[in-house]
Amino acid sequence: MNNLNSFDKALAIVFNLNQSEQKEYFNILDPDWFQSNFHNSIYLAIKENIEQGKNIDLLNITTFLRENDQLEKDTIIKLSEITTNIDFSDTLNKEGLINDCWYNYSIRKVFLMVQNINTEMHKADPRSNFILKEVSIIKDLLTTNKSIKEITNADSVEKVLFNHEQAKLGIPLGLELGWDCLKGELILEPDDVMVVGGRPAMGKTAWAISLIKNLCYHENKGLVFFSLEMAHDRIVRRIIANILGIDSNHIKYGHCSDYEIKKIQELKNHKFWNNLIIFDGSHTTKDIEIKLQSVKNNQNIELFMVDYLQKIMPSKSETRYGEVTKISNDLKRIVMSNKLPCIALAQLSRDIGRSGKRPSLPDLKESGEIEQDASIVAFLHRPEYYGELVDENGEDMEGMGEFIIAKNRDGAIGINKMQVKLENSQWNNILIKKNHFDKPVPIDYSAGFQDRQQDEIPF
């Protein structure tokens, strides 16, 4: 049970932030808030360590206290208790906690001022100017909001202008997904939830695996992947198949050649694995929240993915619609709290696909408020699965898939054709060259590594 007071929590939160966030948060704290010797000594230790550019952890704080003869016999025990027992929700609600500290400090100050006013009132000739001054201070104390700086309209205009200049230099506003066909159409900003829906057998997980390769392997970006229906080693097997272009069934059934095994062994030691954190098994949104924050505190993460949304363990609700709505709302809240975009895969009903028609936004209507919470909604569709080998324009659709952008608050919508090889868990760009008749001809680079840089694993 958590018996921490506001001042305990305010100091403990510093230990749960990454180093870049610690200084910004700590600068909001006021030393006058803390009365006890314990709080004062911890505040001073944190302050000195931040000024020296050190990370705030139990070892550094304990070392500082010991070197400055401020380490009392129960300090380490109490510090360990407050940093261990703080609720994760407090870390997410830093602004509310700061306001609580300010309020408690203000009440303490008001109590002392009321005593001063009372003393003055009992004098034979009370000073009216002193009483009015104290009352004015009390009013200011009780109406001031000592919270994290509110963003003004002017601040936002400056940010818009800065982002515009960055875009002119070719620096994207957010996270691009790594497919050439989506460049200039999709960018994930820190507050975006993107839902990628598809019926069974459309290759949703394969698309996610390809995205992992794009970001973690090619772009050296950090990503957290929550797999709610597939074990950790199966995800890794599919990543290996994707990068090396090996049929994953060859790996599964022991049919790999010695050369392929050699390439898998080489890939095992590739640095890109450090960019990828995989959590498998059943999860609630609370589990996702806690694990995500833990990873985010220790390394740079630019995206988290959930495979798939409807598999998240729900809280109790009268209807499935209500359960999925709560899950969708929670994911949006996690994104807003962490300023970290999310891609959630979503399962569409198989019945909807009997005719093989392309999925569209109405297909999400029975899935809670997913569409409303998402900034971007896309669908995966493979016409050949339904026996459609040419599209409406007569173009060959064998081995092809459609990435359909159905909703995009700040970008284009439309259909993007991609090459699909589910045996390798690949969704790839279609590169186009011109022959001597100037007719576009697709180039197959399904192995996924043949046209890449020298630091990759060649086959």
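Structure shown above.
Because the structure is predicted, anything quoted here is derived from the model rather than measured.

Caption draft 1: Seen up close, the side chain of serine 210. Mapped onto the secondary structure, serine 210 falls in helix 10 (residues 204-218). Contacts of serine 210, omitting those with residues within four sequence positions, involve Trp179, Asn242, Ser425, Gln426 and Trp427.

Caption draft 2: Spatial organisation of the packing of helix 1 (residues 6-15) against helix 2 (residues 19-26). Axis separation between helix 1 and helix 2 bottoms out at 8 Å; the angle between their running directions is 155°. As judged from the angle between their axes, helix 1 and helix 2 are roughly antiparallel. Seen from helix 1, the contacting residues are Ala10, Ile13 and Val14; seen from helix 2, they are Gln22, Tyr25 and Phe26.

Caption draft 3: Spatial organisation of unusual backbone geometry. The omega torsion across aspartate 307 and tyrosine 308 is 0°, close enough to zero to call that bond cis. Mapped onto the secondary structure, tyrosine 308 falls in the loop between strand 4 (303-307) and helix 15 (320-338). One non-glycine residue, alanine 201, lies in the positive phi region at around 75°. With respect to the element layout, alanine 201 can be found in the loop between strand 1 (193-198) and helix 10. With relative accessibility at 38%, the residue alanine 201 sits in the partly exposed group.

Caption draft 4: Representation of the environment of glutamate 189 in the model. With respect to the secondary-structure elements, glutamate 189 resides in the loop between helix 9 (153-168) and strand 1. Each C-alpha atom of the pair glutamate 189 and glutamate 176 lies 9.2 Å from the other, and the pair is 13 residues apart in sequence. Setting aside chain neighbours within four positions, we find glutamate 189 in contact with Leu173, Pro341 and Asp410.

Caption draft 5: Up close: the nonpolar core. Of all hydrophobic cores here, the largest spans 46 residues; its most connected members are Leu177, Met194, Trp207, Ile343 and Phe403. Not counting chain neighbours up to four residues away, the residues in contact with phenylalanine 403 comprise Leu182, Leu186, Met194, Trp207, Ala378, Phe379, Leu380, Gly414, Ile415, Asn416 and Met418. Core analysis: the next-biggest nonpolar cluster, separate from the first, contains 33 residues, Ile28, Trp33, Ile42 and Ile56 among them.

What counts as what
By convention here, each chain's residues receive numbers from 1 onward along its written sequence. Two thresholds apply to this predicted model, a pLDDT of at least 70 for residue-level local features and 80 or more for giving and counting side-chain atom pairs, whereas whole-chain, interface and lining totals are computed over all residues. Only heavy atoms go into the side-chain values, all of them from the structure, while hydrogens and water stay out. For the purposes of this entry, the term helix denotes a DSSP run of H or I that reaches at least four residues, the term strand denotes a run of E that reaches at least two, and both are numbered from the N terminus. In this description, contact between two residues means that some pair of their heavy atoms is separated by no more than 4.5 Å. Axis definition: a line fitted to C-alpha atoms, limited for helices to the stretch in contact. Angles are taken between N-to-C directions and run from 0 to 180 degrees. Here is the rule for angles: anything less than 35 degrees is roughly parallel, anything more than 145 is roughly antiparallel, 65 through 115 is roughly perpendicular, and the remaining ranges are oblique. Burial classification: accessible surface area is computed with a 1.4 Å probe over protein chains only, and a residue below 20% of its type maximum counts as buried, one above 50% as exposed, and the rest as partly exposed. Throughout, nonpolar core names a set of buried Ala, Val, Leu, Ile, Met, Phe, Trp, Tyr and Cys residues whose side chains join them through atoms within 4.5 Å.

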